[in-house]
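Working through the structure, step by step
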Amino acid sequence: MIKFFRKIRQKMLTENKFSKYLIYAIGEIVLVVIGILIALWINNNNIQNQNKEKERFGLIEIRDNLISDTLQLDNNLKHFKNRQGAILKTMKLLSKNDFNSKDKDSLFFHIMSGELFLNARFKSNSVGFSNMVSSGNIELLSNNELRKKLSEYYLIKNDEFGAYDFTITVSRDFQNYLAPLLANNRNVKKFFGIDSPLEKEFDVEQLQSAQLFGYLVQLFVIINTSSEESMELKNDITTLIEITNKELDSFEK
(Lines give C-alpha, C1' and ligand atoms only; values in the text may rest on other atoms or scores of the structure.)
Protein backbone atom coordinates (compact mmCIF):
# COMPACT_ATOMS: atom_id res chain seq x y z
CA MET A 1 0.00 0.00 0.00
CA ILE A 2 2.84 2.42 0.89
CA LYS A 3 4.64 1.58 -2.39
CA PHE A 4 1.42 2.24 -4.29
CA PHE A 5 1.03 5.75 -2.83
CA ARG A 6 4.74 6.45 -3.39
CA LYS A 7 4.45 5.56 -7.08
CA ILE A 8 1.49 7.90 -7.49
CA ARG A 9 3.43 10.76 -5.88
CA GLN A 10 6.46 10.14 -8.07
CA LYS A 11 4.32 10.03 -11.20
CA MET A 12 2.66 13.33 -10.38
CA LEU A 13 5.99 15.02 -9.67
CA THR A 14 7.56 13.79 -12.91
CA GLU A 15 4.52 15.04 -14.86
CA ASN A 16 4.73 18.47 -13.16
CA LYS A 17 1.22 18.14 -11.81
CA PHE A 18 2.09 20.00 -8.60
CA SER A 19 -1.46 21.22 -7.80
CA LYS A 20 -2.83 17.73 -8.11
CA TYR A 21 0.04 16.42 -6.05
CA LEU A 22 -0.68 18.99 -3.34
CA ILE A 23 -4.34 17.98 -3.22
CA TYR A 24 -3.30 14.35 -3.12
CA ALA A 25 -0.78 14.99 -0.32
CA ILE A 26 -3.40 16.79 1.75
CA GLY A 27 -5.83 13.93 1.17
CA GLU A 28 -3.18 11.43 2.18
CA ILE A 29 -2.54 13.38 5.41
CA VAL A 30 -6.29 13.48 6.10
CA LEU A 31 -6.49 9.73 5.61
CA VAL A 32 -3.57 9.19 7.99
CA VAL A 33 -5.19 11.47 10.59
CA ILE A 34 -8.50 9.66 10.22
CA GLY A 35 -6.68 6.34 10.61
CA ILE A 36 -4.98 7.59 13.78
CA LEU A 37 -8.27 8.89 15.17
CA ILE A 38 -9.98 5.56 14.45
CA ALA A 39 -7.12 3.68 16.11
CA LEU A 40 -7.34 5.99 19.16
CA TRP A 41 -11.10 5.53 19.32
CA ILE A 42 -10.75 1.75 19.17
CA ASN A 43 -8.03 1.84 21.82
CA ASN A 44 -10.05 4.12 24.11
CA ASN A 45 -13.11 1.96 23.60
CA ASN A 46 -11.10 -1.14 24.56
CA ILE A 47 -9.76 0.61 27.67
CA GLN A 48 -13.28 1.68 28.67
CA ASN A 49 -14.55 -1.88 28.21
CA GLN A 50 -11.65 -3.23 30.28
CA ASN A 51 -12.32 -0.67 33.02
CA LYS A 52 -16.01 -1.53 33.00
CA GLU A 53 -15.15 -5.19 33.39
CA LYS A 54 -12.78 -4.38 36.28
CA GLU A 55 -15.54 -2.31 37.90
CA ARG A 56 -18.09 -5.08 37.45
CA PHE A 57 -15.76 -7.74 38.84
CA GLY A 58 -14.87 -5.53 41.82
CA LEU A 59 -18.54 -4.86 42.58
CA ILE A 60 -19.36 -8.57 42.46
CA GLU A 61 -16.57 -9.33 44.93
CA ILE A 62 -17.62 -6.48 47.23
CA ARG A 63 -21.28 -7.57 47.05
CA ASP A 64 -20.33 -11.14 48.01
CA ASN A 65 -18.21 -9.82 50.90
CA LEU A 66 -21.13 -7.72 52.14
CA ILE A 67 -23.44 -10.74 52.03
CA SER A 68 -20.93 -12.74 54.11
CA ASP A 69 -20.91 -9.87 56.63
CA THR A 70 -24.69 -10.09 57.03
CA LEU A 71 -24.42 -13.85 57.62
CA GLN A 72 -21.75 -13.20 60.25
CA LEU A 73 -24.02 -10.68 61.97
CA ASP A 74 -26.95 -13.13 61.84
CA ASN A 75 -24.83 -15.70 63.68
CA ASN A 76 -23.86 -13.07 66.24
CA LEU A 77 -27.49 -12.12 66.82
CA LYS A 78 -28.33 -15.78 67.50
CA HIS A 79 -25.36 -15.96 69.86
CA PHE A 80 -26.51 -12.84 71.74
CA LYS A 81 -29.99 -14.31 72.19
CA ASN A 82 -28.58 -17.62 73.50
CA ARG A 83 -26.18 -15.86 75.84
CA GLN A 84 -28.89 -13.64 77.28
CA GLY A 85 -30.94 -16.77 77.83
CA ALA A 86 -28.00 -18.36 79.69
CA ILE A 87 -27.65 -15.24 81.87
CA LEU A 88 -31.34 -15.29 82.80
CA LYS A 89 -31.16 -19.01 83.59
CA THR A 90 -28.13 -18.41 85.83
CA MET A 91 -29.93 -15.63 87.69
CA LYS A 92 -32.97 -17.86 88.21
CA LEU A 93 -30.83 -20.75 89.51
CA LEU A 94 -29.00 -18.43 91.89
CA SER A 95 -32.29 -17.00 93.14
CA LYS A 96 -33.31 -20.28 94.77
CA ASN A 97 -33.38 -20.35 98.57
CA ASP A 98 -32.46 -24.01 99.15
CA PHE A 99 -29.82 -25.97 97.26
CA ASN A 100 -29.44 -29.72 97.39
CA SER A 101 -26.53 -31.59 95.84
CA LYS A 102 -28.39 -32.01 92.54
CA ASP A 103 -29.16 -28.27 92.39
CA LYS A 104 -25.50 -27.45 92.98
CA ASP A 105 -24.40 -29.80 90.21
CA SER A 106 -26.96 -28.29 87.84
CA LEU A 107 -25.76 -24.78 88.62
CA PHE A 108 -22.11 -25.74 88.37
CA PHE A 109 -22.37 -27.51 85.01
CA HIS A 110 -24.59 -24.76 83.63
CA ILE A 111 -21.94 -22.18 84.47
CA MET A 112 -19.11 -24.38 83.23
CA SER A 113 -20.88 -24.99 79.90
CA GLY A 114 -19.30 -21.73 78.72
CA GLU A 115 -22.41 -19.98 77.39
CA LEU A 116 -21.89 -17.18 79.90
CA PHE A 117 -18.39 -16.43 78.66
CA LEU A 118 -18.36 -17.08 74.91
CA ASN A 119 -18.00 -13.73 73.14
CA ALA A 120 -19.11 -12.86 69.63
CA ARG A 121 -16.76 -10.96 67.35
CA PHE A 122 -17.28 -9.16 64.10
CA LYS A 123 -14.71 -8.45 61.41
CA SER A 124 -15.93 -7.34 58.03
CA ASN A 125 -14.74 -9.16 54.93
CA SER A 126 -13.02 -6.31 53.11
CA VAL A 127 -11.07 -8.33 50.52
CA GLY A 128 -12.94 -6.92 47.50
CA PHE A 129 -12.78 -3.29 48.67
CA SER A 130 -9.10 -3.61 49.66
CA ASN A 131 -8.22 -5.12 46.29
CA MET A 132 -9.86 -2.22 44.44
CA VAL A 133 -8.10 0.35 46.64
CA SER A 134 -4.66 -1.27 46.40
CA SER A 135 -4.93 -1.65 42.60
CA GLY A 136 -6.20 1.91 42.14
CA ASN A 137 -9.44 0.59 40.65
CA ILE A 138 -11.61 2.17 43.35
CA GLU A 139 -11.73 5.29 41.15
CA LEU A 140 -13.42 3.18 38.47
CA LEU A 141 -16.61 3.09 40.55
CA SER A 142 -18.82 5.43 38.55
CA ASN A 143 -21.46 5.68 41.28
CA ASN A 144 -20.07 8.35 43.61
CA GLU A 145 -22.71 7.67 46.28
CA LEU A 146 -21.81 3.99 46.38
CA ARG A 147 -18.07 4.71 46.55
CA LYS A 148 -18.66 7.11 49.45
CA LYS A 149 -20.88 4.68 51.37
CA LEU A 150 -18.42 1.81 50.88
CA SER A 151 -15.57 3.98 52.18
CA GLU A 152 -17.65 4.96 55.22
CA TYR A 153 -18.51 1.33 55.91
CA TYR A 154 -15.02 -0.14 55.62
CA LEU A 155 -13.02 2.78 57.02
CA ILE A 156 -15.37 4.27 59.65
CA LYS A 157 -18.29 2.04 60.62
CA ASN A 158 -16.17 -0.90 61.74
CA ASP A 159 -14.07 1.31 64.01
CA GLU A 160 -17.19 2.49 65.83
CA PHE A 161 -18.27 -1.05 66.76
CA GLY A 162 -17.28 -0.60 70.41
CA ALA A 163 -19.91 -2.58 72.31
CA TYR A 164 -18.32 -5.87 71.24
CA ASP A 165 -14.99 -4.90 72.78
CA PHE A 166 -16.63 -3.73 76.01
CA THR A 167 -18.51 -7.02 76.29
CA ILE A 168 -15.23 -8.93 76.00
CA THR A 169 -13.66 -6.79 78.76
CA VAL A 170 -16.58 -7.28 81.17
CA SER A 171 -16.72 -11.01 80.35
CA ARG A 172 -13.03 -11.39 81.20
CA ASP A 173 -13.45 -9.54 84.52
CA PHE A 174 -16.51 -11.65 85.35
CA GLN A 175 -14.68 -14.87 84.53
CA ASN A 176 -11.71 -13.87 86.69
CA TYR A 177 -14.09 -13.11 89.56
CA LEU A 178 -16.10 -16.30 89.16
CA ALA A 179 -13.34 -18.87 88.60
CA PRO A 180 -12.08 -19.03 92.25
CA LEU A 181 -15.65 -19.35 93.54
CA LEU A 182 -16.24 -22.46 91.43
CA ALA A 183 -13.11 -24.28 92.55
CA ASN A 184 -13.81 -27.14 95.00
CA ASN A 185 -12.21 -30.41 95.96
CA ARG A 186 -15.01 -32.53 94.52
CA ASN A 187 -14.61 -31.18 91.00
CA VAL A 188 -10.80 -31.01 91.14
CA LYS A 189 -10.79 -34.67 92.07
CA LYS A 190 -13.35 -35.46 89.38
CA PHE A 191 -11.52 -33.66 86.55
CA PHE A 192 -7.87 -34.08 87.64
CA GLY A 193 -7.94 -37.15 89.91
CA ILE A 194 -6.24 -35.42 92.86
CA ASP A 195 -7.30 -34.26 96.30
CA SER A 196 -6.96 -30.58 97.03
CA PRO A 197 -7.18 -28.47 100.20
CA LEU A 198 -10.31 -26.80 98.81
CA GLU A 199 -13.77 -27.15 100.28
CA LYS A 200 -15.59 -30.33 99.32
CA GLU A 201 -18.25 -28.44 97.36
CA PHE A 202 -18.39 -24.90 96.09
CA ASP A 203 -20.25 -22.46 98.29
CA VAL A 204 -23.43 -21.35 96.55
CA GLU A 205 -23.86 -18.51 99.03
CA GLN A 206 -20.65 -16.98 97.70
CA LEU A 207 -22.22 -16.94 94.25
CA GLN A 208 -25.37 -15.29 95.56
CA SER A 209 -23.65 -11.95 95.88
CA ALA A 210 -24.49 -8.47 94.69
CA GLN A 211 -21.23 -8.34 92.74
CA LEU A 212 -21.98 -11.50 90.77
CA PHE A 213 -25.54 -10.38 90.01
CA GLY A 214 -24.10 -7.01 89.03
CA TYR A 215 -21.84 -8.70 86.48
CA LEU A 216 -24.78 -10.66 85.08
CA VAL A 217 -26.98 -7.57 84.76
CA GLN A 218 -24.13 -5.58 83.19
CA LEU A 219 -23.44 -8.34 80.67
CA PHE A 220 -27.12 -8.62 79.77
CA VAL A 221 -27.37 -4.86 79.10
CA ILE A 222 -24.11 -4.72 77.10
CA ILE A 223 -25.12 -7.73 75.00
CA ASN A 224 -28.43 -5.99 74.30
CA THR A 225 -26.49 -2.95 73.07
CA SER A 226 -24.29 -5.17 70.90
CA SER A 227 -27.42 -6.75 69.45
CA GLU A 228 -28.89 -3.34 68.59
CA GLU A 229 -25.62 -2.22 66.99
CA SER A 230 -25.50 -5.44 64.98
CA MET A 231 -29.04 -4.91 63.68
CA GLU A 232 -28.26 -1.31 62.74
CA LEU A 233 -25.08 -2.35 60.95
CA LYS A 234 -26.89 -5.16 59.16
CA ASN A 235 -29.48 -2.66 57.88
CA ASP A 236 -26.67 -0.42 56.58
CA ILE A 237 -25.06 -3.39 54.83
CA THR A 238 -28.38 -4.45 53.31
CA THR A 239 -28.74 -0.95 51.84
CA LEU A 240 -25.22 -1.22 50.40
CA ILE A 241 -26.06 -4.59 48.84
CA GLU A 242 -29.20 -3.13 47.22
CA ILE A 243 -27.27 -0.19 45.73
CA THR A 244 -24.51 -2.54 44.52
CA ASN A 245 -27.04 -4.87 42.88
CA LYS A 246 -28.66 -1.95 41.06
CA GLU A 247 -25.24 -0.88 39.82
CA LEU A 248 -24.51 -4.41 38.62
CA ASP A 249 -27.89 -4.56 36.85
CA SER A 250 -26.88 -1.48 34.85
CA PHE A 251 -24.03 -3.47 33.26
CA GLU A 252 -26.56 -5.83 31.70
CA LYS A 253 -28.38 -3.00 29.88
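Residues numbered from 1 in each chain as written. Predicted model: local features only at pLDDT ≥ 70, side-chain atom pairs only at ≥ 80, totals over all residues. Heavy atoms only, no water.

**With respect to the pattern of salt bridges**
Inspection of every chain in the model, using the stated rule, returns four salt bridges. Across the pair R56 and E53 runs a salt bridge whose closest N-O atoms are separated by 2.8 Å. Here R56 pairs with E53, and both are found in helix α2 (residues 18-94), just three residues apart, close to one helical turn. Classification of R56 by relative accessible area gives partly exposed; the value is 26%. Classification of E53 by relative accessible area gives partly exposed; the value is 41%. With a shortest N-O distance of 2.6 Å, D74 and K234 are connected by a salt bridge. Taken together, the residues D74 in helix α2 and K234 in helix α9 (residues 210-250) connect sequence positions 160 residues apart. (Salt bridge = Lys/Arg side-chain N within 4 Å of Asp/Glu carboxyl O. Helix = DSSP H or I, 4+ residues; strand = E, 2+ residues; numbered from the N terminus. Buried < 20%, exposed > 50% of the residue type's maximum accessible area, 1.4 Å probe, protein only.)

**Observations regarding the packing of aromatic side chains**
Applying the stated rule across the entire model yields five aromatic pairs. Judged by centre distance (5.6 Å) and plane angle (40°), the rings of Y177 and Y215 are tilted. Of this pair, Y177 sits in helix α6 (residues 162-182) while Y215 sits in helix α9, and the two are 38 residues apart along the sequence. Residue class for Y215 comes out buried when judged on its relative accessible area of 16%. Members of the aromatic cluster, connected to one another through ring pairs, are F117, F174, Y177 and Y215. (Phe/Tyr/Trp six-rings, centres within 6.5 Å; stacked < 30°, edge-to-face > 60°.)

**Regarding helix α5 (residues 144-155)**
Relative to the 16 Å expected for twelve residues at 1.5 Å per residue, α5 spans 16 Å between its end C-alpha atoms, a close match to the ideal helical length. At the N-terminal end of α5, a side-chain oxygen is found 3.1 Å from the backbone nitrogen of E145, two or three residues along, and the residue is N143. (Expected span 1.5 Å × (residues − 1). Polar contact = N/O pair within 3.5 Å; in protein donor to acceptor, adjacent residues only side chain to side chain.)

Note that all results are geometric; they support no functional claim without further evidence.
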